[in-house]
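Listed below are the residues making up each chain.
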Amino acid sequence: MTPLLSIRDLRTYFYTEAGVARSVDGVSFDIGEGETVGIVGESGCGKSVTALSILRLIQPPGRIEPGSRIEFEGKDIVTLDDNAMRDIRGNRISMIFQEPMSALNPVFSVGDQVAEVVRVHGGVSRRRAWDRAVETLALTGIPSPEERAKQYPHQLSGGMRQRVLIAMALIMKPALIIADEPTTALDVTIQAQILDLLLNLQKEFGTSILMITHDLGVIAETTSRVIVMYAGEVVEEANVTELFAHPHHPYTEGLMRSMPHIGHDTERLNVIPGTVPAPTSWPQGCRFFERCRYSWDLPEHEHPPLYDVGANHKSRCHLAKEPQRRNQPHDPLVIREGAGAA
Amino acid sequence: MPGQTQGSARTDPAKPRESPLGLGVRALLRKRSSRVALVVLAVIVLIAVLAPLIAPYDPAAQPDIVAAKDLPPSIAHPFGTDPYSRDVLSRVIYGARLSLMIGVLATLVSLTFGVAYGAISGYAGGVVDAIMMRFLDALLSIPRLLLLLGVLVAWPHLSIGALILFLGLTGWFGLSRIVRGQVLALKHAEFVTAAEALGASRRRILVRHLLPNLVSPIVVAATLGIAHVIVLEAGLSFLGIGVPQPLASWGNIIYDGSDQIARLWWMSLFPGLFMVTTVMTLNVLGESLRDVYERR
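Keep in mind it's a predicted model, so treat the numbers as computed, not measured. (Residues numbered from 1 in each chain as written. Chains lettered and ligands numbered in written order. Predicted model: local features only at pLDDT ≥ 70, side-chain atom pairs only at ≥ 80, totals over all residues.)

Peer 1: Looking at this structure, I do not really get the overall build of chain A. What am I missing?
Peer 2: For chain A, the count of helices and strands is 12 helices and 13 strands. What you see for chain A is a C-alpha radius of gyration of 21 Å, in line with the 20 Å of a compact globule of 342 residues. C-alpha extents for chain A along the principal axes are approximately 65 × 50 × 45 Å. Here chain A holds 342 residues, and 50% of them are scored as buried. Long-range contacts, defined here as pairs at least 24 residues apart, represent 66% of the contacts in chain A between residues at least 6 apart. (Helix = DSSP H or I, 4+ residues; strand = E, 2+ residues; numbered from the N terminus. Rg over C-alpha atoms; globule rule 2.2 N^0.38 Å. Buried ≥ 20, exposed ≤ 12 C-beta atoms within 10 Å, placed from the backbone. Contact = placed C-beta atoms within 7 Å.)

Okay, here's the thing in structure tokens:
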């Protein structure tokens, strides 16, 4: 079965005055129908740029480099003309943004904004669009949707606003929803509700979801397959259970080690020392080299490919060739003080 | 946002609408100075609209150019008569009509140009924006009054329509800068990206998503703009190159009495009072609206 979305060698570069920022640098992955795939990584790893690239919403000075391929329902999104692209946006692929307040237009009622999506795509009457908006708002669990639809964004709570954004993303019954940190701006109690809602609606409509987050908890709860990104690249890809049971890449390992665990009485949380290098000057060899506990001389010169390290499990780490190195962790080469603050 | 979750979740659904315009009107009604200004303005507008019904005489009629000229205020002529024996009260009432109409229509012209120019420039960005802004800089470097004087001296006897057009065409530069600045600030807002992500076209985003967010500065600029045009028109008419005779505007009534301004004091006092009152109320309203919108 051909996947719904197939990304091959996606490179999105930004031509800034400081140099060429290679924010997404050769990313490939697939999303199947009805599948939930997670992209996890810290700020600046290129996960949001990947999402925006799929919708081709990259603004100058950024651009998707020629040679990148994003195939969706048999069309190549990179070369599609603008009209066809607009037909896809919001209709076949839609997006849920991180900050529900700023993603909503402050001067329109939320019902108008949900209905707007139908009117952009549907060619239906204003009345009909409004009715569908109210129906969809009801689906997302908004109480008394008829009344709420007439309210403005600032009159709703964060959780309600996020439900409105979900309604906007869902109303055209798209094949794929990209959720960019959909719960980051919300209270923890609301987070769980919103995730449940997303998963229930996904079951109902058979939509695929690309879940972008830095929160491994969200990944564990919602996704079936995980892509770990670091410095513009995929560094590890595996099924969710496999990834949590046997993280291979030292970066993934570090992410897991830095999660707080209930019952473990630790004074301070583990951190991955150092910071992500600047996208204008990725290191030549392994991009994680300077922060890695197992690094040795070789990877400095050799850029690691994605090794197969298990069933449907890939990792961009030379440990795949020399696994015995894992037994000798050491302090990375960076100075610890700098990392303590991070 | 998370903090206010529960509280605002229960804000009464009974009071759903809170559009920027409604917000502005309600705020105006809350403040006493703007309430007074609204009432005064309403009266003046009413006078202008009902001019044919309330004016005691035909504003252009010259009943007796010898015996009835230059009469001081009396019961028969509360504002006196002018050197052509016309009733000044009637002329002031009709003048309200014309002065307000010129103010409103010229401002509409300015708004149309200013908003369109500024929005396109700001939204297009890049080279287009740079060229459009340099052109605007050039226009802004010519004083408005000088521009108008030049035009009106070159073409005396312009019709009212042409006068309105010129007043409007010279009044949009400042507004277009404001609009451009706002569009520039808003076009990278997340709700714009969100609208794009949902498939809206560039034109739709500009018209449906950006412009409604500019209502507040536009309303403020329009209110202040009308006041400015009224003063400008009066100035031009006072110089004898504005509204042509026998039509009455506040400016040209003052002009008719300007030869003997000390003796025919009623000819400048009454239209002057009306003009100052109108301009003041408009400015009070404009400033109050600005306060409301900027506080948000």
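Peer 1: Can you help me understand the overall build of chain B in this one?
Peer 2: The secondary structure content of chain B amounts to 14 helices and zero strands. Its helices and strands taken in sequence order, chain B reads α-α-α-α-α-α-α-α-α-α-α-α-α-α from the N to the C terminus. Considered along the principal axes of its C-alpha atoms, chain B spans approximately 80 × 50 × 25 Å. Every one of the 296 residues in chain B was classed for burial, and the buried ones make up 39%. Considering only contacts within chain B whose residues lie at least 6 apart along the sequence, 70% involve residues at least 24 apart.

Peer 1: Even after reading the chapter, I still don't get the interface of chain A and chain B, so can you show me in this structure?
Peer 2: Quite often, the size of an interface is put as the accessible area lost when its parts meet. Chain A puts 37 residues into the contact, and the matching count from chain B is 28 residues. When contributions to the side of chain A that touches chain B are tallied by element, the ones reaching two or more residues are helix 2 (82–88), strand 7 (93–96), helix 3 (110–122), helix 5 (145–149) and helix 6 (158–170) of chain A. Broken down by element, the residue count for the side of chain A that touches chain B peaks at four residues, all from helix 6 of chain A. Residues that form the side of chain A that touches chain B fall into these classes: 17 nonpolar, 12 polar and eight charged. (Nonpolar A, V, L, I, M, F, W, Y, C, P; charged D, E, K, R; others polar.)

Peer 1: Would you mind showing me how to read unusual backbone geometry here?
Peer 2: For residues that are not glycine, phi is negative in most cases, and the peptide bond is trans in most cases. Of the consecutive residues Pro60(A) and Pro61(A), the connecting peptide bond is found in the cis state with omega at 10°. Assignment of secondary structure puts Pro61(A) in the loop between helix 1 (47–54) and strand 4 (62–64). For the bond running from Gln245(B) to Pro246(B), omega is 0°, close enough to zero to count as cis. Position of Pro246(B) among the secondary structure elements: in the loop between helix 12 (215–238) and helix 13 (250–256).

Peer 1: Could you clarify how one ought to interpret the nonpolar core in this entry?
Peer 2: Inside soluble globular proteins, nonpolar side chains tend to come together where they are buried. In terms of nonpolar packing, the biggest core is built from 94 residues, with Val114(A), Ala133(A), Val164(A), Ile178(A) and Leu210(A) touching the most fellow members. Val115(B), Ile164(B), Leu224(B) and Val229(B) belong to the second-largest nonpolar core, a separate cluster that totals 60 residues. (Core = buried A, V, L, I, M, F, W, Y, C linked by C-beta atoms within 7 Å.)

Peer 1: Mind showing me how you'd approach the confidence of the model for chain B here?
Peer 2: Caution is warranted with low-pLDDT regions, since their predicted coordinates should not be read in detail. All names here are of chain B. Model confidence for chain B is summarised by a mean pLDDT of 85, while 92% of its residues fall at 70 or above. Here helix 1 (residues 5–9) stands out as the element of chain B with the lowest mean pLDDT, 39, in contrast to helix 5 (residues 88–124), whose mean of 93 is the highest. Contacts of residues 1–16 to residues separated by more than four positions or lying in other chains number 25 contacts, the stretch itself having pLDDT below 50. Interface confidence for the predicted complex, given as ipTM, is 0.79, next to a pTM of 0.77. (pLDDT = per-residue confidence, 0-100.)

Peer 1: Quick question: what am I supposed to make of the sheet that holds strand 10 (residues 225–230) of chain A here?
Peer 2: Hydrogen bonds between backbone atoms are what pair the strands of a sheet, whose relative direction is either parallel or antiparallel. Residue and element names in this part refer to chain A. If you trace the eight strands from one edge of the open sheet to the other, you get 7-8-9-3-10-11-13-12, paired in mixed fashion. At either margin of the open sheet sits one strand with a lone partner, and together these are strand 7 and strand 12 (307–310). With direction set aside, neighbouring strand axes in the sheet form an average angle of 25°. Pairing geometry for strand 10 and strand 11 (residues 233–239), over six bridges, is antiparallel. Looking across to strand 11, one finds that arginine 225 is bridged to asparagine 239. (Pairing = 2+ DSSP bridges. Axes fitted to C-alpha atoms, helices over the stretch in contact; angles between N-to-C directions.)

Peer 1: Teacher, can you tell me more about helix 1 of chain A here?
Peer 2: Three- or four-residue spacings in an α-helix give side chains the same orientation, since the helix completes a turn every 3.6 residues. Residues and elements named next belong to chain A. In terms of burial, helix 1 is largely enclosed, as eight of its eight residues are buried. Within the sequence span of helix 1, burial applies to Lys47, Ser48, Val49, Thr50, Ala51, Leu52, Ser53 and Ile54. Positive backbone phi, at 55°, marks arginine 56, one or two positions downstream of helix 1.

Peer 1: What am I meant to see in the pairing of strand 5 (residues 69–72) of chain A here?
Peer 2: Every other side chain in a regular strand lies on the same face of the sheet, so the side chains alternate between the two faces. Residues and elements named next belong to chain A. Here strand 5 shows a buried face lined by Ile70 and Phe72 and an unburied face lined by Arg69 and Glu71. Looking at chain direction, strand 1 (residues 5–16) and strand 5 are connected through four bridges and run antiparallel. Bridging across to strand 5, arginine 8 finds its partner in arginine 69. In terms of strand pairing, strand 5 meets strand 6 (residues 75–76) through two bridges, oriented antiparallel. Note that in strand 6 the partner of glutamate 71 across the bridge is aspartate 76. Hairpin connection between strand 5 and strand 6: a loop of two residues separates the two successive antiparallel strands, and glutamate 73 in this loop has a positive phi of roughly 50°.

Peer 1: It is not clear to me how the packing of helix 3 (residues 32–49) of chain B against helix 5 of chain B should be interpreted in this structure. Could you clarify?
Peer 2: In a pair of packed helices, the angle between the axes and the distance between the axes together describe the arrangement. Residues and elements named next belong to chain B. Between helix 3 and helix 5, the least distance of the axes is 7 Å, while the angle of their chain directions is 105°. Comparing their axes, helix 5 and helix 3 come out roughly perpendicular. Residues Ile44, Val45, Ile47 and Ala48 of helix 3 lie in contact with helix 5, whose contacting residues are Ile93, Ala96, Arg97 and Leu100. The class makeup of the residues in the contact of helix 3 with helix 5 is seven nonpolar, no polar and one charged. (Parallel < 35°, antiparallel > 145°, perpendicular 65-115°, else oblique.)

Peer 1: What am I meant to see in the environment of Val92(B) here?
Peer 2: Residues and elements named next belong to chain B. If you trace the backbone, valine 92 turns up in helix 5. Through-space distance from the C-alpha of valine 92 to that of isoleucine 253 is 7.6 Å; in sequence the pair is 161 residues apart. When sequence neighbours within four positions are dropped, the list of residues in contact with valine 92 reads Phe79, Ile253, Phe270, Pro271 and Phe274.

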